[in-house]
Structure formats: C-alpha cells, structure tokens
Amino acid sequence: METSLARWFDENGLSGELSFRHALPNDGGMGYGLYSKYHQPPGTGSEDDTIAVVPHDLLLNAQTVFDYAASEECPSRDLLQCLQSMLEDDDCGIDERRVLLVFLLWQRFGSRSQLGRWQTYVNILPADLTTPIFYGPPEDTLLNGTGLEDARKAKIAKLLREYTAMVPHLRLMESEPTLDDLPTMTFERFKWADGIFWSRVISFHSSLEEVNEETPDYHLVPFVDFANHHADAKLRWQINESGDVELRLTRTGSVEGFARDEQLFISYGNKPNSELVFIHGFSIPDNPEDSVVLQAPFIELAADDDDDTAQASLRAKKLAMGLLGIRPIIELKRIEPDIKPPTLDAAMDKNSLVVLLLSVSSGNLSPSVSEDHSVFIGGSPIEGAEELIKVYDKTTCSELYQQARKTLIGLVDQKLAGLQSVGSSQADMTSAVTSTLVHLRNGQLSILELWKKCLS
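In this numbering scheme, every chain counts its residues from 1 along its sequence in written order. In view of the model being predicted, local features appear only for residues whose pLDDT reaches at least 70, and side-chain atom pairs are presented and counted only at 80 or more, with totals across whole chains, interfaces and linings using the full set of residues. Working from all heavy atoms in the structure, the side-chain values ignore hydrogens and water.

Engineer: I keep staring at the overall build of the protein and nothing clicks. Help me out?
Structural biologist: The helix count covers DSSP runs of H or I at least four residues long, the strand count covers runs of E at least two residues long, and both are numbered beginning at the N terminus. Each helix and strand counted, the protein has 14 helices and 13 strands in total. The C-alpha extent of the protein, read off along each of the three principal axes, is 70 × 55 × 50 Å. A simple rule labels every residue: compare its accessible area, found with a 1.4 Å probe on the protein chains alone, to the largest value its type can have, and call it buried under 20%, exposed over 50%, or partly exposed in between. Among the 456 residues that make up the protein, the fraction classed as buried is 47%. Measuring between centres, the 40 positive side-chain charges of the protein sit 5 Å from its 69 negative side-chain charges. Two residue types count as positive, namely Lys and Arg, and two as negative, namely Asp and Glu; His and chain ends fall outside the count. Charge positions are represented by NZ for Lys, CZ for Arg, CG for Asp and CD for Glu.

Dropping the structure here:
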C-alpha cells in the first residue's frame with residue numbers, strides 16, 4: 001500500500017526531496033510521516049527554500065469533486081447523483097465540507113468507485129481514528145472534568161442529525177441490495193469521514209491576504225496531510241502562483257538543518273491539548289499552549305430580587321456578550337509557577353477578563369440592551385471590549401474585581417475537584433488513547449493548581 005501510494009505520487013507529478021513512509025520507531029510510531037532524502041548541514045539553507053511541490057490537480061476541494069463527478073474520467077454516476085440529490089433537497093443542503101465527506105465515502109466505500117482517481121490515496125487513510133467520538137470504555141471516562149465530555153456528546157448528536165438528513169442521498173452510492181447485503185453508508189463510516197476531514201483539512205483562505213469568497217476554502221492536500229505536527233517545525237505549506245502547494249523551509253529548518261532520513265514536521269498551530277485531542281487524537285506532554293476553558297460564571301442579582309428581574313439581567317449579559325462579539329468563556333493558560341499576579345488583568349487575556357467581570361457585575365455596572373441592540377453600562381454606550389475595560393477600571397471598580405477574583409477561585413476549585421475525581425491511575429495502561437488523555441488531564445491539573453496558588 002505504501003509503495004503504491006509513493007508510485008501514485010510520482011505518476012501524478014509530485015516533485016521534491018521528501019519521501020513518504022511509515023514513521024520510524026524512534027519517532028514514536030506516528031503512522032506515516034515525511035522524511036528528507038538528503039542531509040542539509042545547519043545554516044546552509046534559506047528560509048522559504050522549496051523542498052516539495054504538490055501539483056494543484058491533485059488537490060481535493062468541493063469544486064474539484066463536482067468537476068470530477070461530472071467528467072468522463074469518473075468511473076460511475078453514483079457520486080454525481082448523490083451530490084445533485086443533496087443540492088435539490090432544501091431540508092438537507094450541501095456545503096464544502098459535506099461535498100468532501102460524500103467524496104471520501106464514495107471513494108472508500110462506494111459500490112463502483114474502485115477505479116476512482118484518488119482511490120490509492122483515500123484507501124491508505126487510517127481506518128481507525130483516535131478522536132473522542134470514537135472512544136469507548138474506559139477511555140471515555142477519562143474525559144470527565146476536562147470539558148471534552150460534553151463536547152463529545154454534542155458532536156456525536158450533531159453528526160447523527162446530519163447523517164439522518166444525508167443518508168437517503170448517501171444510499172445512492174450503494175450497490176443494489178440483496179437479502180444478504182448490509183448497508184455500506186453507515187453512521188460509523190460517516191463519523192470516519194468527518195474525522196478524516198477535520199484532522200487533515202487545510203483552509204486556503206486563512207493563508208491569503210485577499211480572499212475571493214467564490215473560491216473553495218477547504219482542501220485535502222495529498223502528501224502534505226501525512227506531515228506530522230511539531231511546535232518548532234522545519235517545514236510549512238504555501239500556495240504558489242500556479243495553485244500548487246509547496247512545502248518550504250521555516251527559519252528553524254534553515255538554521256538547524258536536518259539529517260538524511262530525518263522526519264520533517266509542519267505545525268498544526270499553537271493549540272492546547274484539548275483541541276489536539278478533539279480534532280487530531282493526540283496530545284503533547286507539557287504542552288506550552290495548554291489551557292483550561294471555563295464557562296462564563298453568570299452571577300445574578302441578590303437573593304431578595306424577584307426571579308423576573310434576575311432572569312432579565314441574565315439575558316442582558318448574554319445578549320451583550322453576543323452583540324459585542326465576546327465569547328462567553330474564560331481561558332486559563334499556563335503561567336510561571338513562582339509568579340503571583342497582583343491583579344486579574346495581569347494574568348488573563350482581555351476576552352477572559354471581560355467575560356469574568358461582565359458575569360459578576362450588578363447594579364450600575366451590569367449591562368443593558370436597548371431595542372436597537374445597543375449595549376449600555378451605567379448609561380454609557382459600549383461598542384467593544386476596549387471600552388468595557390475602561391468602564392471596569394480596577395481602581396474605581398475594586399469591589400467588582402474582588403468579586404471576580406472570589407468567583408474565579410470558586411471556579412478553579414470546582415474544576416480541580418472534577419478532574420481529580422477521575423484520577424490518572426490508568427496511566428499504566430498501554431492504550432495510546434489513554435496516555436493521550438492522561439497528558440490532557442495532567443496538563444489541566446497543573447494549570448489549575450498554579451492558578452489557585454496565584455489567586456490565593
């Protein structure tokens with residue numbers, strides 16, 4: 001399979017000085033990876049040197065799939081029939097992601113897709129994924145307290161609703177059933193396609209200075225998507241003027257160089273373990289980007305206020321955050337263990353601080369929203385987080401800051417208790433999924449313990 005894919009890359013115009021193969025044992029068994037074909041001594045390369053080029057006609061996006069499905073090259077009409085059927089169904093609908101999900105399902109499991117152009121590539125994609133929606137016991141219990149347990153349930157429920165809407169169309173890609181046949185377009189396979197999509201997709205719009213909304217954003221890029229992640233990567237991807245995708249040296253790659261047969265990595269971005277686990281199925285021990293996400297701790301009016309007034313205050317706070325573009329979460333990141341922040345604003349990003357202060361505000365410091373959806377605090381119009389910070393001055397609003405600190409301590413204690421209730425006693429298990437979750441849990445515990453120390 002590996003040899004046939006390498007041959008497929010060569011036959012379809014891939015060029016460069018990287019090879020594709022199973023990761024070596026000393027690389028931690030990461031499945032497949034990209035390896036250098038030559039030795040480059042430190043300091044002899046230049047940043048942005050091109051190491052490999054994937055031609056644009058190998059890339060997969062929604063437009064490519066539609067064009068291919070309608071072409072004479074496509075071995076069957078099933079793919080096009082499914083896509084057109086979804087387009088005509090107002091209750092189902094279709095978007096870039098769904099087009100690529102349909103293509104993955106067709107190419108991997110379709111009844112007459114064996115000669116599809118991307119068959120060799122799609123068939124080598126991993127069959128078993130390690131993201132939370134595929135967890136079973138005991139791994140799923142280790143999600144408790146991390147915040148991912150609810151995200152996992154919500155994701156599965158969302159996928160099931162989507163699958164239910166799409167499955168009548170997906171069945172158009174199955175063979176005519178017999179009494180002995182089982183459905184091929186199952187929910188488990190639909191989850192597989194979604195997992196493959198999110199763990200490998202590249203957003204082209206994110207790399208462009210000017211975006212044409214009519215051009216596809218989501219792309220699967222064969223070869224590049226076999227590159228593994230490293231925070232200090234020696235490669236990065238870049239779209240060239242011809243629409244090809246190049247792998248180029250980063251500054252680290254040009255300065256440090258690399259050995260022949262060294263695995264070369266790209267960076268998936270500065271992501272905490274919770275995101276890496278949820279999207280990619282792995283975590284990084286002592287990840288410097290680790291964080292703990294807390295929901296906005298809305299504190300209502302005093303107990304002697306009637307429920308209607310309290311609920312109105314709650315609705316105003318939530319509406320104000322939405323109108324001001326403020327995400328209702330508090331993110332706690334790693335901090336130096338020996339630093340005790342004298343103020344909350346010294347230890348939190350602006351969004352988290354504003355959310356905390358808005359949540360615990362009351363009286364004249366609590367937001368109100370007019371009929372035209374303007375936000376006011378104490379009669380002053382508020383248009384963004386910057387103005388909120390000025391209104392919530394830590395000197396004039398010292399009591400608010402004290403309440404915020406007290407509330408945050410309570411949230412940290414509550415989160416610590418939730419994480420510690422399911423300890424890492426299963427860390428000695430051999431399951432790679434379990435060790436990944438232990439990294440996630442231990443990282444969150446260390447962050448919370450440091451925050452508790454600094455807040456006390």
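Engineer: When you look at the packing of aromatic side chains in this model, what are you seeing that I'm missing?
Structural biologist: The description of two aromatic rings rests on the distance between their centres and on the angle between their planes. Pairing of aromatic side chains here covers Phe, Tyr and the six-membered ring of Trp, requires ring centres within 6.5 Å, and sorts the geometry by plane angle: under 30 degrees stacked, over 60 edge-to-face, intermediate tilted. This structure, assessed with the given rule, holds 21 aromatic pairs. Judged by centre distance (5.2 Å) and plane angle (90°), the ring pair of Tyr68 and Trp118 falls under edge-to-face. Of this pair, Tyr68 sits in helix H2 (residues 62-70) while Trp118 sits in the loop between helix H4 (96-109) and helix H5 (119-124), and the two are 50 residues apart along the sequence. Exposure remark for Trp118: the relative accessible area of 1% places this residue in the buried category. Pairing Tyr163 with Phe187 gives two aromatic rings, centres 5.5 Å apart and planes at 50°, and the pair type is tilted.

Engineer: Even after reading the chapter, I still don't get the packing of H4 against helix H7 (residues 187-200), so can you show me in this structure?
Structural biologist: Two quantities define a packed helix pair, namely the angle between the axes and the distance from one axis to the other. Their axes nearest at 9 Å, the elements H4 and H7 cross at an angle of 120°. In this view, H4 runs oblique relative to H7, as classed from their interaxial angle. Classified by chirality, the crossing of H7 by H4 is right-handed. Touching Arg97, Leu100, Leu101, Leu104, Leu105, Arg108 and Phe109 of H4 are Arg189, Phe190, Trp192, Ala193, Asp194, Ile196, Phe197 and Trp198, all from H7. Looking at the contact of H4 with H7 residue by residue, the classes come out as 11 nonpolar, no polar and 4 charged. Axis definition: a line fitted to C-alpha atoms, over the contacting stretch in the case of helices. Angles run 0 to 180 degrees between N-to-C directions. Note on terminology: angles under 35 degrees are roughly parallel, angles over 145 are roughly antiparallel, angles of 65 to 115 are roughly perpendicular, and the others are oblique. A crossing counts as left-handed when the near helix is turned anticlockwise from the far one by less than a right angle, and as right-handed when that turn is clockwise. Residues are treated as being in contact if the distance between any of their heavy atoms lies within 4.5 Å. Residue polarity is assigned by list, with Asp, Glu, Lys and Arg as charged and Ala, Val, Leu, Ile, Met, Phe, Trp, Tyr, Cys and Pro as nonpolar; anything else, Gly included, falls into the polar class.

Engineer: Please clarify how the environment of Ala52 should be interpreted in this entry.
Structural biologist: Its location among the elements puts Ala52 in strand S4 (residues 50-54). Non-local contacts of Ala52, meaning those with residues more than four positions away in its chain, are made with Ser15, Gly16, Leu18, Phe223, Val245, Glu246 and Leu247.

Engineer: Looking at this structure, how should I read the side chain of Ser366?
Structural biologist: Mapped onto the elements of the fold, Ser366 is located in the loop between helix H11 (350-360) and strand S11 (367-369). Once residues within four sequence positions are removed from consideration, Ser366 is found in contact with Ser313, Lys317, Ser361, Phe376 and Ile377.

Engineer: Please clarify how the environment of Phe197 should be interpreted in this entry.
Structural biologist: Along the chain, the position of Phe197 falls in helix H7. Accessibility expressed as a relative area gives 0% for Phe197, which makes it buried. Measuring from C-alpha to C-alpha, the distance between Phe197 and Glu275 comes to 15 Å, with 78 residues separating the pair along the chain. Apart from residues no more than four positions distant in its own chain, Phe197 is found in contact with Arg97, Leu100, Leu101, Leu104, Tyr218 and Leu220.

Engineer: Sorry, what's going on with the packing of H2 against H4 here?
Structural biologist: The geometry of H2 relative to H4 is characterised by a closest axis approach of 8 Å and an angle of 50° between their N-to-C directions. The pairing of H2 with H4 is recorded here as oblique in orientation. For the pair H2 and H4, the sense of crossing is left-handed. Side by side, H2 and H4 meet where Ala62, Val65, Phe66 and Tyr68 of the first sit next to Glu96, Val99, Leu100, Phe103 and Trp106 of the second. A class-by-class count of the residues in the contact of H2 with H4 yields 8 nonpolar, no polar and 1 charged.

Engineer: I keep staring at the pairing of strand S2 (residues 18-22) and nothing clicks. Help me out?
Structural biologist: Regular strands show a simple pattern: their side chains alternate between the two faces of the sheet. Among the 5 residues of S2, 4 are classified as buried, and the element is accordingly described as predominantly covered. As judged from the 5 bridges shared by S2 and strand S3 (residues 32-36), these two strands associate in the antiparallel manner. Paired with Phe20 across the two strands is Leu34, which belongs to S3. The pairing criterion for strands is at least two bridges between them, as found by DSSP.

Engineer: Explanation requested: the sheet that holds strand S7 (residues 235-239) in the structure shown.
Structural biologist: Two modes of strand pairing occur in sheets, parallel and antiparallel, and in both the strands are linked by backbone hydrogen bonds. Pairing in this open sheet of 4 strands is antiparallel, and the strands run S1-S4-S8-S7 from one edge to the other. What marks the edges here is a single partner per strand, and that holds for strand S1 (15-16) and S7. Where S7 and strand S8 (residues 245-249) come together, 5 bridges link them in antiparallel fashion. Looking across to S8, one finds that Gln238 is bridged to Glu246.

Engineer: Honestly, H4 in this entry has me stumped. Any pointers?
Structural biologist: An α-helix turns once per 3.6 residues; consequently, residues spaced three or four apart project the same way. Take the number of residues in a helix, subtract one, and multiply by 1.5 Å to get its expected span. The end-to-end C-alpha distance of H4, which contains 14 residues, comes to 20 Å, matching closely the 20 Å that a straight helix rising 1.5 Å per residue would cover. Counting buried positions over the 14 residues of H4 gives 13, a clear majority of the element.

Engineer: What is the right way to read the sheet that holds S11 from this model?
Structural biologist: Strands sit in the order S11-S12-S13 across an open sheet of 3 strands; the sheet is antiparallel. Each end of this open sheet is capped by a strand with a single partner; those strands are S11 and strand S13 (380-382). With strand direction ignored, the average angle separating the axes of adjacent strands in the sheet is 40°. Alignment of strand S12 (residues 375-377) against S13, held across 3 bridges, turns out to be antiparallel. Of the residues in S13, the one forming a bridge with Phe376 is Pro381.

Engineer: Just to check I follow, could you spell out helix H6 (residues 148-170) for this structure?
Structural biologist: Bending of H6 peaks at approximately 35° at the position of Thr164, with proline Pro168 no more than four residues after it. Three or more residues of H6 are buried, namely Leu148, Glu149, Arg152, Lys155, Leu159, Glu162, Tyr163, Met166, Val167, His169 and Leu170. Packing partners of the buried residues in H6 comprise helix H3 (78-88), H4, H7, helix H9 (273-280) and helix H14 (432-455). Consider a residue and the seven residues that end there alongside the seven that start there; fitting an axis to each set, the bend is the angle between those axes.

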